[in-house]
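# Understanding the architecture of this molecule
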Amino acid sequence: MTTEGHVAALERRHQELDRQIQTEMQSTRYDDLAVSALKRKKLEVKDELSKYSSGN
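This report concerns the structure included in the present document. (Residues numbered from 1 in each chain as written. Predicted model: local features only at pLDDT ≥ 70, side-chain atom pairs only at ≥ 80, totals over all residues. Heavy atoms only, no water.)

### A look at the environment of Arg-19
Looking at where Arg-19 falls in the secondary structure, it is placed in helix α1 (residues 3-26). Separated by 13 residues in the primary sequence, Arg-19 and His-6 have C-alpha atoms spaced 20 Å apart. (Helix = DSSP H or I, 4+ residues; strand = E, 2+ residues; numbered from the N terminus.)

### Topic: the nonpolar core
Grouped together as the largest cluster of nonpolar side chains are seven residues: Leu-10, Leu-17, Ile-21, Val-35, Leu-38, Val-45 and Leu-49. Those elements giving two or more residues to this core turn out to be α1 and α2 (32-53). For this core, the leading source of residues is α2, giving four residues. If near-sequence neighbours (up to four positions away) are discounted, Val-45 is found in contact with Leu-10, Arg-13, His-14 and Leu-17. (Core = buried A, V, L, I, M, F, W, Y, C linked by side-chain atoms within 4.5 Å. Buried < 20%, exposed > 50% of the residue type's maximum accessible area, 1.4 Å probe, protein only. Contact = heavy atoms within 4.5 Å.)

### What about the environment of Leu-43?
Note on placement: Leu-43 falls in helix α2. Between the C-alpha atom of Leu-43 and that of Thr-23, which follows or precedes it by 20 residues, the distance is 17 Å.

### Description of the pattern of salt bridges
According to the stated counting rule, one finds two salt bridges in the structure shown. One salt bridge in this structure joins Glu-16 and Arg-19, with 3.1 Å as the shortest N-O distance. In this pair, Glu-16 and Arg-19 both sit in helix α1, three residues apart, roughly one turn of the helix. Here Glu-16 falls in the partly exposed class, since its relative accessible area comes to 31%. (Salt bridge = Lys/Arg side-chain N within 4 Å of Asp/Glu carboxyl O.)

Below, the structure written as structure tokens:
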């Protein structure tokens, strides 16, 4: 996979995690642990994206 393709995939994953977080938070059966896990994954993806944007 090219670097551009990898970055695009990471951006899609980041957006999908954001949608999952919003869906979970709007649920009547809100699960703090699930939201925390999703946020952690989203942060990991963001960190990896920042590595590519900084040129490393």
